[in-house]
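# Residue-level structure breakdown
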Amino acid sequence: MAYPSYAAFLKALEEAGELRRISEPVATELQITELADREMKSPGGGKALLFEKPTINGQVSPFPVAINALGSKRRMAMALGLDSVDELASQLEFLMKAKPPKSFKDALKLLRNGIDLIHARPRNVKFGPCQEVIHRMGEGGEGEPFSLDHLPILKCWPQDGGRFITLPTVYTKDPDTGERNVGMYRIQIYDGGTTGMHWQVHKVGARHGKRYYERGEKMPVAICLGGDPTFTLAATAPLPDGIDEILFAGFARKKSVDLVKCVTQPLEVPAESDFVIEGYVQPGEMRAEGPFGDHTGFYTPVDDYPVFHVTAITHRKEAVYPCTIVGIPPMEDFYMGEASVRIFLPIFKMNFPEIVDMALPAEGTFHNLVFVSIKKQYPWQAFKVMHGLWGMGQMMFAKYIVVVDEDCDVQNTSEVLFRWMANTDPQRDSTFTKNPMDSLDHAPTVPNMGSHMGFDATKKIPGEGYTRGWPDLVTMDPATKAWADGFKG
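Residues numbered from 1 in each chain as written. Predicted model: local features only at pLDDT ≥ 70, side-chain atom pairs only at ≥ 80, totals over all residues. Heavy atoms only, no water.

### What about the sheet that holds strand E16 (residues 268–270)?
Sheet strands pair by backbone hydrogen bonding; their relative direction is either parallel or antiparallel. For clarity, the cut-off: Two strands are said to pair when DSSP picks up at least two bridges between them. Strands here mean DSSP runs of E at least two residues long; helices mean DSSP runs of H or I at least four residues long; both are numbered from the N terminus. The angle between two axes is taken between their N-to-C directions and runs from 0 to 180 degrees, where each axis is a line fitted to C-alpha atoms and a helix contributes only its stretch in contact.
Pairing in this open sheet of three strands is mixed, and the strands run E7-E15-E16 from one edge to the other. Since the sheet does not close on itself, it has two edges, and those belong to strand E7 (123–125) and E16, each with one partner. Across the sheet, the mean angle from the axis of one strand to that of its neighbour is 45°, orientation sign disregarded. With three bridges connecting them, strand E15 (residues 258–261) and E16 associate as antiparallel partners.

Printed below as a string of structure tokens:
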């Protein structure tokens, strides 16, 4: 199912009892964060919130603010038009195993399994709802010129360096190949026409920027907000490098993404977006960005990042401003990260057939702690899986990886902790390695690099140095369990 607008998605949530409207004026500075934080920490993620009268410096904004729209398992599934994100995972798994159709019968088999690749390819259109209203920077007119100051952008936490756009999809292109990238990077507002661009050194956006810097050219950038929620999912998805996020969005929503040309930059963006902020990054221009209360649960420090200059802001006439907050977990991003793991588990399994399941518990602040269960067949296989995962894209940031046997439910943190504590000798079953680190992690001595630790919490087999004979878990026999199930006393 494809949503023609963010408002259409919110309507579906409301009809399903998943959205709460707040009609009283609420300040975009701190107040929305406090209400949203309480909601996100409610059982199951609470409900999506729609603030109908957000205020900026005491003035009510014409644009309502939506937050926590993806903050539950059910809402993540609804964003994809599914009952469960596992359905999309099954489709990806089938696609990777399927052979190219050689007949109409083969094609029908793909369609019966939800595989419609026709819609993966985007369509170029001449006009889209995202350009119903166009504001070019520097243009005159009656009243104050429209700028970033008119958008209900949150100041999330007391020590934040300013207001931050927190749920953008950022569009860039490789200047050499024309290859598109869609990423999600926080955007600090400096003034009505300039922002920070927080792409870390490991991100594709930074790689594109490096090529523009080397060429001495301005880098075109477009920041989109809203539209179909699959755009957000695609921007945060752990796709293999070189896979177009827009192709994945079209595949996931079962409808081609309409792309429209920006009005001031040589980029194409989803026509269904609610807002598009167009502009450029000037090579070599850097500015202090931060601090920012981040998903680590701590404020990330001030550091220099590229400066983004706004050339135009376009939007729908009835635009909704989507946002999120991050901080001490659990937050909305936990459900987004969990969905990504579920959806892309088949890709991990394709590289590591022994993997049974994976989980990123909320306590690990998104990717600091990874639980993996495997079907173990040979000595030290757990270490092979750890090192392989550390070499896969964003998994390089996994500070701790714990590997357990296939009979351990990695979605149950308590069960994993039991196996971890019970099955490991710290010196024998742990390993350290050096790897890049998340720029937001304050713990490493040096930014962007540090150590990672893996634990083999599987039962030990011959060849792993354990000679005492591994004991069996204490479990009741099936006959007594069956008797207890029917016991009426």
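### Describing helix H9 (residues 332–351)
The test is simple: Every helix has an expected span of 1.5 Å times one less than the residues it contains. Throughout, bend refers to the angle between the axes fitted to the seven residues that end at a position and the seven residues that start at it. Accessibility here uses a 1.4 Å probe with only protein chains present; expressed as a share of the type maximum, an area under 20% marks a residue as buried, one over 50% as exposed, and anything in between as partly exposed.
Under the 1.5 Å per step criterion, the end-to-end length of H9 is 29 Å for 20 residues, consistent within 8% with the ideal 28 Å. A maximum bend of about 50° is found in H9 at Phe 344, where proline Pro 346 lies one to four positions downstream. Burial within H9 is extensive, with 17 of its 20 residues counted as buried.

### Side note on the pairing of strand E14 (residues 219–225)
Counted residue by residue, E14 has seven buried out of seven residues, so it is predominantly covered. Burial along E14 is two-sided: Met 219, Val 221, Ile 223 and Leu 225 facing one way and Pro 220, Ala 222 and Cys 224 facing the other are all buried. As judged from the three bridges shared by strand E10 (residues 169–173) and E14, these two strands associate in the antiparallel manner. Residue pairing for E14: Val 170 is matched across the bridge by Ile 223.

### Thoughts on the packing of aromatic side chains
What counts, and what does not: Stacked, tilted and edge-to-face are the three classes applied to pairs of Phe, Tyr and Trp rings, where Trp contributes its six-membered ring and a pair requires centres within 6.5 Å; stacked means planes under 30 degrees apart, edge-to-face means over 60, and tilted covers the rest.
Considering all chains together, one arrives at 13 aromatic pairs under this definition. Centroid distance Tyr 3 to Phe 9: 5.2 Å. Interplanar angle 65°. Geometry classified as edge-to-face. Phe 9 shares its class with Tyr 3; the two are buried. Summarising the aromatic geometry, the rings of Tyr 466 and Trp 470 are spaced 4.9 Å apart at their centres and angled 65° between planes, so their arrangement reads as edge-to-face.

### Notes on the pairing of E15
Relative to E15, E7 runs parallel, the two sharing three bridges. What sits directly across from Asn 124, in E15, is Leu 259. Remark: six residues form the turn of the hairpin made by E15 and E16, two consecutive strands paired antiparallel.

### With respect to the nonpolar core
This is how it is decided: To define a nonpolar core, start from buried Ala, Val, Leu, Ile, Met, Phe, Trp, Tyr and Cys residues and group those joined through side-chain atoms within 4.5 Å. Here, two residues are considered to be in contact whenever any of their heavy atoms come within 4.5 Å of each other.
The biggest cluster of nonpolar side chains holds 55 residues, and the ones touching the most others in it are Leu 10, Phe 248 and Ile 343. Top element by residues in this core is H9. It accounts for seven residues. With sequence-adjacent residues up to four places away left out, Leu 10 is seen in contact with Leu 19, Leu 50, Ala 66, Ala 69 and Val 320. Leu 49, Phe 51, Leu 225 and Ile 313 belong to the second-largest nonpolar core, a separate cluster that totals 41 residues.

### Describing the side chain of Arg 342
In plain terms, the rule: As used in this structure description, the phrase polar contact means that two N or O atoms lie within 3.5 Å; if the pair is within protein, one of them must be able to donate a hydrogen and the other to accept it, and residues adjacent in sequence are counted only when both atoms belong to side chains.
The topology assignment puts Arg 342 in helix H9. A distance of 2.6 Å separates the side chain of Arg 342 from the side chain of Asp 357, its partner in a polar contact. Those residues in contact with Arg 342 that lie beyond four places of it in its chain are Val 85, Asp 86, Ala 89, Asp 357, Met 358 and Gln 411.

Shape descriptors only; they carry no functional weight alone.
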